[in-house]
Amino acid sequence: DGGITQSPKYLFRKEGQNVTLSCEQNLNHDAMYWYRQDPGQGLRLIYYSQIVNDFQKGDIAEGYSVSREKKESFPLTVTSAQKNPTAFYLCASSNYGELFFGEGSRLTVL
Amino acid sequence: DQQVKQNSPSLSVQEGRISILNCDYTNSMFDYFLWYKKYPAEGPTFLISISSIKDKNEDGRFTVFLNKSAKHLSLHIVPSQPGDSAVYFCAAADSGYSTLTFGKGTMLLVSP
């Protein structure tokens, strides 16, 4: 079954802790993306990667980090420097047509 | 500065009637436009797209219209069904297509 898998679906974090969200795709897509959704804000781009070992900052990259060591994987780390980390995080991939999204990960900072 | 704007946060329509969702953009470099549908706590799913060489694209009950001179596009759903109730996002990309820029979404409620 081809698709994008995000894990965990729900995650709780204490303030000051880093947390890593997993994103794996088996669609053989070159490009992968991380978006954040907040109520009334739509989808805002955090980071994207068009090729292995390369990635670019999106509109709201501060407090986040990514890696792209494998074509299939694009994990996102939410660091303690991110001031408002509580949000719904969406990973997506594409071959420059439409984006295919994962089911999302909801992060709550306690 | 929002480059893709969906000025209606919500829209209510009766089942069987037409739903019209609107989207405006400011970046004249955008030439590929997409609509996504999203249910709560799920990822968005692709609905329909249109490139700037066309002014209309149709797929079943969904039709997207593009007015390049007005920098405006709209999604028509006919007939609307209760299962269409969701948030609809408009998105745009330029010819380089490195990323998509999304609007803030419009929540559509179709009542029986």
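Rules behind the numbers
Residues numbered from 1 in each chain as written. Chains lettered and ligands numbered in written order. Predicted model: local features only at pLDDT ≥ 70, side-chain atom pairs only at ≥ 80, totals over all residues. Heavy atoms only, no water. Helix = DSSP H or I, 4+ residues; strand = E, 2+ residues; numbered from the N terminus. Buried < 20%, exposed > 50% of the residue type's maximum accessible area, 1.4 Å probe, protein only. Polar contact = N/O pair within 3.5 Å; in protein donor to acceptor, adjacent residues only side chain to side chain. Contact = heavy atoms within 4.5 Å. Disulfide = S-S within 2.5 Å. Pairing = 2+ DSSP bridges. Buried area = accessible area lost by both parts, 1.4 Å probe. Salt bridge = Lys/Arg side-chain N within 4 Å of Asp/Glu carboxyl O. Nonpolar A, V, L, I, M, F, W, Y, C, P; charged D, E, K, R; others polar.

Draft legend 1. How the structure looks around the side chain of Gln25(A). Residue and element names in this part refer to chain A. Within the element layout of this structure, glutamine 25 appears in strand E3 (residues 19–25). When its relative accessible area of 4% is taken as the criterion, glutamine 25 is described as buried. Among the polar contacts made by the side chain of glutamine 25, one reaches the main-chain amide nitrogen of asparagine 28 at a distance of 3.2 Å. In this structure the side chain of glutamine 25 is engaged in a polar contact, spanning 3.2 Å, whose partner is the backbone oxygen of lysine 71. Apart from residues no more than four positions distant in its own chain, glutamine 25 is found in contact with Gly3, Ile4, Met32, Arg68, Lys71, Glu72 and Ser93.

Draft legend 2. Here's a closer look at the state of the cysteines. Residues and elements named next belong to chain A. Summed over the entire model, instances satisfying the criterion amount to two disulfides over all chains. The side chain of cysteine 23 participates in a disulfide bridge whose partner is cysteine 91; the two sulfur atoms lie 1.8 Å from each other. Taking the sign of the S-S torsion, about -75 degrees here, the bridge from cysteine 23 to cysteine 91 comes out left-handed. Pair noted here: cysteine 23 is in strand E3 and cysteine 91 is in strand E9 (residues 87–94), with a separation of 68 residues, a long-range link. Overall, cysteine 91 belongs to the buried group, its relative accessible area being 0%.

Draft legend 3. The arrangement of the pairing of strand E1 (residues 4–7) of chain A in detail. Residue and element names in this part refer to chain A. Alternating positions in E1 separate cleanly, Ile4 and Gln6 being buried on one face and Thr5 and Ser7 remaining unburied on the opposite face. Both E1 and E3 contribute to a ladder of four bridges, which runs antiparallel. If you follow serine 7 over to E3, its bridge partner there is serine 22.

Draft legend 4. Structural view of the sheet that holds strand E6 (residues 56–59) of chain B. Residue and element names in this part refer to chain B. Judged by pairing direction, the sheet is antiparallel, and its five strands sit side by side in the order E1-E3-E8-E7-E6 without closing on themselves. Two strands bound the open sheet, and with one partner strand each, they are strand E1 (4–5) and E6. For E1 and strand E3 (residues 19–25), the ladder comprises two bridges, and the chain directions are antiparallel. Its bridge partner being in E3, valine 4 is matched across the sheet by tyrosine 25.

Draft legend 5. Structural view of the interface of chain A and chain B. The partner chain B presents 17 residues to the 21 residues of chain A that form the contact. Taken together, the two surfaces of chain A and chain B that pack against each other cover about 1600 Å², and 59% of this comes from carbon and sulfur. The three residues of chain A that bury the most area against chain B are Leu43(A), Glu98(A) and Phe101(A), which together make up 27% of that side's buried surface. There are zero salt bridges connecting chain A and chain B. Listed by contribution, the elements that provide at least two residues to the side of chain A that touches chain B are strand E4 (31–38), strand E5 (42–51) and E9 of chain A. Among the elements that take part in the side of chain A that touches chain B, E5(A) stands out by supplying five residues, more than any other. Of the residues belonging to the side of chain A that touches chain B, the class tally is ten nonpolar, eight polar and three charged.

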